[in-house]
Amino acid sequence: MPRIPAEPLDLLLLPTWLVPVEPAGVVLKNHALGIRDGRIVLIAPREEADQYLANETRDLSGMLLAPGLVNAHGHAAMTLFRGLADDLPLMTWLREHVWPAESRWVDEAFIKAGTELAIAEQLQSGITCFSDMYFFPEVVSQLAHKHGIRAQITIPVLNFSIPGARDADEALRKGVALFDDLKHHPRLSIAFGPHAPYSVGDDKLESIRTLVAEMDIGIHMHVHETANEVEEAMREYGERPLARLARLQLLGPRFQAVHMTQVNDDDIALLVEHNCSVIHCPESNLKLASGFCPVERLWEAGVNVAIGTDGAASNNDLDLLGETRTAALVAKAVSGSATALNAHRALRMATLNGARALGLDDHTGSIEVGKFADLVAFDLSRLPQQPVYDPVSQLIYSCSRDCVRHVWVAGKHLLDDRQLTRMDEEQLIATAQEWGNKIGSKH
Ligand SMILES: CSC[C@H]1O[C@@H](n2cnc3c(O)ncnc32)[C@H](O)[C@@H]1O
Ligand SMILES: [Zn+2]
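Residues numbered from 1 in each chain as written. Chains lettered and ligands numbered in written order. Predicted model: local features only at pLDDT ≥ 70, side-chain atom pairs only at ≥ 80, totals over all residues. Heavy atoms only, no water.

Just checking my understanding: could you explain the packing of helix α2 (residues 108-124) against helix α3 (residues 137-147) for this structure?
The description of two packed helices rests on the angle between their axes and on the distance between the axes. At a closest axis distance of 10 Å, the pairing of α2 and α3 adopts a crossing angle of 35°. Here α2 and α3 pass one another in a crossing that is right-handed. The residues of α3 that touch α2, namely those facing E108, I111, K112, T115, E116 and I119, are V139, V140, L143, A144, K146 and H147. A class-by-class count of the residues in the contact of α2 with α3 yields 6 nonpolar, 2 polar and 4 charged. (Axes fitted to C-alpha atoms, helices over the stretch in contact; angles between N-to-C directions. Helix = DSSP H or I, 4+ residues; strand = E, 2+ residues; numbered from the N terminus. Left-handed = near helix turned anticlockwise from the far one by under 90°. Contact = heavy atoms within 4.5 Å. Nonpolar A, V, L, I, M, F, W, Y, C, P; charged D, E, K, R; others polar.)

Following this line, the structure appears as structure tokens:
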């Protein structure tokens, strides 16, 4: 029996279906959810809701209320490179197109315009928390703070100079200062973002290991993205990249291995031994023909697998619901089993597993009393979603991000009936078009 709050609720939500994700597989019909001070304080059958005073009540009839989606890997400002270089394999795309474009265009103004576009697109897609691996993390953190979304912001580290840092040492120094500034922030967290095993040397990885031991934060890294990466590492180091990271003592429960399309039994044993998370980006892997992450084998081994869109230049959208559907479909094809990654597990991957990968599962990722009210309401009342037998199946297999009607982050209503409440959509479009014209005319 829920405790009746003494003070009025800030907000009472009345959805047709409430899918908490934890406990797994549960769908609550005609329940009410109460929010106070940004947190979930009540989940109870609708008929009990009359007992609660609320400053505001929202009828969400025909809607499914779920935890906000967690986009566990992306490069937010790359929205401005969307469609710039398509239909290429990873290393051609990166070395011949993306890295030259980044050195030509990326500055603080680019990061501001691209990241705001990404935050808006992600809110419209039901994403309440994103992980960013890109340049000028101090600018990204100011924007995530301003616009009310939750984020893990990673400190970019590469062997060479990058926009915003002359070398890796400067990037790390700035990263430590940003961590100090944000360590008590309720929505923002910092992790290290060494780009990939092939682009970061042992000396820099050792510096990161030393810092992580003091700071207790995550490490977020592209790992085993392609077969070529593993083959080259075998030639250069005589070991697979994940084994090298284990030897350098980088692996642990806060290690987030992005991609992992090349996985053998030894890799799985390392991921299990160190309790690492894997972040699966199926659409980027399909588009760059990088390979397939064997999510079913990882799940059977007990590895936490989350989902990310990757950047808009290799996807080409920040649609985590679409990504989750792709993940569910590809898992069936790769494992040869139609029972692989069912709809409930797919939703868990896109929410609670993402929060766990980012070390945020005490705060977000499921609808539980005490967690932040990071929520999304999907509209299942329209024609393409009829009839509804299993609302979670409908969400994963027949909804698109057009079904997203409302988004709350820490109880703040950031998307109200499909409208951004704190961002000017027309201005965002105009700014993106200006950048597109400038970049396109020189490309
Ligand atoms: C450390 S800043 C991020 C760096 O990563 C590049 N990038 C974007 N997508 C991918 C990918 O799928 N694999 C490898 N690198 C990627 C991005 O352009 C930045 O340079
Ligand atoms: Zn990436």
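The rest of the description comes next.
Whenever I open this one, the packing of α2 against helix α15 (residues 425-442) confuses me. Can you help?
α15 packs onto α2 with a crossing angle of 130° between their chain directions and a minimal axis gap of 10 Å. By the criterion of interaxial angle, the relationship of α2 to α15 is oblique. In the packing of α2 onto α15, the handedness of the crossing is left-handed. Contacts between α2 and α15 involve A109, F110, A113, E116, L117, A120 and Q124 from the former and E425, L428, T431, A432, W435 and I439 from the latter. In the contact of α2 with α15, the residues fall into 9 nonpolar, 2 polar and 2 charged. (Parallel < 35°, antiparallel > 145°, perpendicular 65-115°, else oblique.)

Quick question: what am I supposed to make of unusual backbone geometry here?
The phi angle of most residues is negative, glycine excepted, and most peptide bonds adopt the trans form. In the segment running from E22 into P23, the intervening peptide bond is cis, with an omega of 0°. Cis geometry is adopted by the peptide bond preceding N316, which originates at N315 and carries an omega value of 10°. Of note, D87 is a non-glycine position whose phi angle comes to about 60°, a positive value. With respect to the helices and strands, D87 occurs in the loop between β6 (69-71) and α1 (90-105). With a relative accessible area of 70%, D87 lands in the exposed category. (Buried < 20%, exposed > 50% of the residue type's maximum accessible area, 1.4 Å probe, protein only.)

Before we go on, may I ask you to explain the coordination of the zinc ion (ligand 2) in this structure?
Reference values for angles at a metal are 109.5 degrees in the four-donor tetrahedral case and 90 or 180 degrees in the six-donor octahedral case. Distances from the zinc ion (ligand 2) to its protein donors, H73 (NE2), H75 (NE2), H222 (NE2) and D310 (OD), fall at 2.1 to 2.2 Å. Around the zinc ion (ligand 2), the 4 donor atoms are arranged such that angles at the metal cover 87 to 166°; this shape is classified as irregular. All donors to the zinc ion (ligand 2) come from one chain, and their sequence spacing reads H-x1-H-x146-H-x87-D. A residue pair is termed long-range when its members are at least 10 positions apart, and H75 in the loop between β6 and α1 and H222 in strand β10 (residues 218-223) qualify at 147 residues. H75 gets classed as buried once you look at its relative accessible area, which sits at 9%. Overall, H222 belongs to the buried group, its relative accessible area being 5%. (Donors = N, O, S within 2.8 Å, 3.2 Å for Na, K, Ca; no water. Tetrahedral: all angles 85-135°; square planar, octahedral: opposite > 155°, others 65-115°.)

Looking at this structure, I do not really get the site of ligand 1. What am I missing?
Lining the immediate surroundings of ligand 1 are 19 residues, of which W99, E102, H195, E225 and D310 lie closest. Separating an oxygen atom of ligand 1 from a side-chain N or O atom of W99 is a distance of 2.9 Å. Between an oxygen atom of ligand 1 and a side-chain N or O atom of H259, the distance comes to 3.5 Å. Calculation on ligand 1 without its partners gives an accessible area of 460 Å², and the protein chains cover 100% of this total. Sort the elements by how many residues they give to the shell around ligand 1 and α1 lands first, with 6 residues. Split into classes, the residues belonging to the shell around ligand 1 amount to 12 nonpolar, 4 polar and 3 charged. (Near = heavy atom within 4 Å. Polar contact = N/O pair within 3.5 Å; in protein donor to acceptor, adjacent residues only side chain to side chain. Areas by Shrake-Rupley, 256 points an atom, 1.4 Å probe, with all protein chains shown as cover.)

For this particular structure, what's the right way to read the UniProt feature "domain: Amidohydrolase-related" (unreviewed entry) in the chain?
Annotation from UniProt places "domain: Amidohydrolase-related" (unreviewed entry) at residues 65-412. Regarding residues 65-412, the helix share stands at 43% and the strand share at 17%, and the terminal C-alpha atoms are separated by 15 Å. (UniProt positions renumbered as here; feature names shortened; annotations may be inferred.)

Even after reading the chapter, I still don't get the packing of aromatic side chains, so can you show me in this structure?
One pair of aromatic rings is described through two measures. These are the centre distance and the angle between the planes. In the structure shown here, the tally under the stated rule is 4 aromatic pairs. Relative to F160, the ring of W99 has its centre 5.3 Å away and its plane inclined at 75°; by these criteria the two rings are edge-to-face. Placement of W99 in helix α1 and of F160 in the loop between β8 (150-157) and α4 (168-182) is noted, with a sequence separation of 61 residues between them. When the centroid spacing of 5.4 Å and the interplanar angle of 85° are considered together, the rings of F110 and W435 count as edge-to-face. Remark: W435 occurs in helix α15 and F110 occurs in helix α2; sequence separation between them is 325 residues. Residues F110 and W435 agree in their burial class; the two are buried. A network of ring pairs unites the aromatic residues F81, F110 and W435 as a single cluster. Sitting above the plane of the W299 ring, R345 keeps its charged end 3.5 Å from the centroid. (Phe/Tyr/Trp six-rings, centres within 6.5 Å; stacked < 30°, edge-to-face > 60°. Lys NZ or Arg CZ within 6 Å of the ring centre and 35° of its normal.)

Honestly, the pairing of β10 in this entry has me stumped. Any pointers?
Within a regular strand, the side chains alternate between the two sheet faces. In terms of burial, β10 is largely enclosed, as 6 of its 6 residues are buried. Burial along β10 is two-sided: the face carrying G218, H220 and H222 and the face carrying I219, M221 and V223 are both buried. Alignment of strand β9 (residues 188-194) against β10, held across 2 bridges, turns out to be parallel. Residue pairing across strands places A191 opposite G218, the latter belonging to β10. Following the chain from β9 across helix α5 (residues 202-215) to the adjacent parallel β10, one finds a crossover that is right-handed. The sheet contact formed by β10 and strand β11 (residues 255-259) spans 5 bridges and is parallel. Looking across to β11, one finds that H220 is bridged to Q256. (Pairing = 2+ DSSP bridges. Right-handed = clockwise from strand over helix to strand, strands pointing away.)

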